[in-house]
Amino acid sequence: MRVNCTVNGEKRQADDVWPGESLLYVLRERLGLPGSKNACEQGECGSCTVYLDGTPVCSCLVAAGQAEGRDVVTVEGLEYGRVQEAFVAAGAVQCGFCTPGLVVAVHDLLARDEKPSDPDIREALAGNLCRCTGYEKILDAVRLAAR
């Protein structure tokens, strides 16, 4: 099947997509956007988080056909700014595997709440797993971006 959608503001088309293929696979392998990471393939780690029509989703759980005619924004499509700068400044980027999903989650949080409390930050990041940082530097980055 063919999937047509808007990705990062650009009309894109993926051909020969099989019915069980994930949006994550299409983004990475067919459209050349490797920012969203393939880690758990079960929607547990958050590394593949993208916006689908403005809502953050785990792209590993979205069938590619569900993106037909819809708007997808990946980490590559987010304007580089305070969230990414805060991650670098706070040392919240280590191996970098979880970082794309975390950046999307923080971007979404700050779009909804410019000054989130620590419990709000923890809740917003609850769907993202990191094996390197111990989370404190990630929390520092969110606090820094919220200033």
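Refer to the structure above for everything that follows.
Residues numbered from 1 in each chain as written. Predicted model: local features only at pLDDT ≥ 70, side-chain atom pairs only at ≥ 80, totals over all residues. Heavy atoms only, no water.

Asker: Even after reading the chapter, I still don't get the pattern of salt bridges, so can you show me in this structure?
Answerer: Enumeration according to the criterion identifies eight salt bridges in this entry. Measuring nitrogen to oxygen at the nearest pair gives 3.1 Å for the salt bridge that ties Arg-112 to Asp-108. Of this pair, Arg-112 and Asp-108 both sit in helix H3 (residues 99-112), four residues apart, which is roughly one turn of the helix. A residue is classified by how much of its surface remains accessible, and Arg-112, at 57% relative accessible area, is exposed. With relative accessibility at 13%, the residue Asp-108 sits in the buried group. Its salt-bridge partner being Asp-118, residue Arg-143 comes within 3.0 Å of it at the nearest N-O pair. On the criterion of sequence distance, the pair formed by Arg-143 in helix H5 (residues 136-146) and Asp-118 in helix H4 (residues 118-124) is long-range, its members being 25 residues apart. For Asp-118, a relative accessible area of 34% puts it in the partly exposed group. What you see here is one network of salt bridges that share partners, running through Asp-118, Glu-136, Asp-140 and Arg-143. (Salt bridge = Lys/Arg side-chain N within 4 Å of Asp/Glu carboxyl O. Helix = DSSP H or I, 4+ residues; strand = E, 2+ residues; numbered from the N terminus. Buried < 20%, exposed > 50% of the residue type's maximum accessible area, 1.4 Å probe, protein only.)

Asker: Please explain a nonpolar patch on the surface as it appears in this structure.
Answerer: A cluster of nonpolar residues, Tyr-80, Val-88 and Val-93, forms a patch on the protein surface that exposes about 310 Å² of accessible area. Structurally, Val-88 can be placed in helix H2 (residues 82-89). (Patch = residues over 30% accessible without salt bridge, like charges linked within 9 Å, V, L, I, M, F, W, Y side chains within 5 Å. Areas by Shrake-Rupley, 256 points an atom, 1.4 Å probe, with all protein chains shown as cover.)

Asker: I keep staring at the environment of Ser-59 and nothing clicks. Help me out?
Answerer: Here Ser-59 lies in the loop between strand E4 (55-58) and strand E5 (71-73). Sequence spacing of Ser-59 and Cys-48 is eleven residues, and the spatial spacing of their C-alpha atoms is 5.6 Å. Not counting chain neighbours up to four residues away, the residues in contact with Ser-59 comprise Ser-22, Leu-23, Leu-24, Leu-27, Cys-48 and Val-50. (Contact = heavy atoms within 4.5 Å.)

Asker: Please clarify how the pairing of strand E2 (residues 10-14) should be interpreted in this entry.
Answerer: Regular strands show a simple pattern: their side chains alternate between the two faces of the sheet. Sheet analysis places strand E1 (residues 3-7) next to E2, joined by five bridges and oriented antiparallel. Bridged to Thr-6 within E2 is Lys-11. Where E1 folds back onto E2 in an antiparallel hairpin, the turn is made up of two residues, including Asn-8, whose phi is positive at roughly 55°. (Pairing = 2+ DSSP bridges.)

Asker: Would you explain the environment of Thr-6 in this entry?
Answerer: Mapped onto the secondary structure, Thr-6 falls in strand E1. Its relative accessible area of 16% is what places Thr-6 among the buried residues. It is 13 Å that separates the C-alpha atoms of Thr-6 and Val-50, two residues lying 44 residues apart in sequence. Contact partners of Thr-6, with chain neighbours within four places excluded, come to Lys-11, Arg-70, Asp-71 and Val-72.

Asker: Can you help me understand the sheet that holds strand E3 (residues 49-52) in this one?
Answerer: In a beta sheet, neighbouring strands pair by backbone hydrogen bonds and run either parallel or antiparallel. Taken together, the five strands give an open sheet; going across it, the order is E2-E1-E5-E3-E4, and neighbouring strands pair in mixed fashion. The sheet is open, and its two edges are formed by E2 and E4, each paired on a single side. Adjacent strand axes in the sheet meet at a mean angle of 40° when their direction is disregarded. Where E3 lies against E4, four bridges are found, and the strand directions are antiparallel. (Axes fitted to C-alpha atoms, helices over the stretch in contact; angles between N-to-C directions.)

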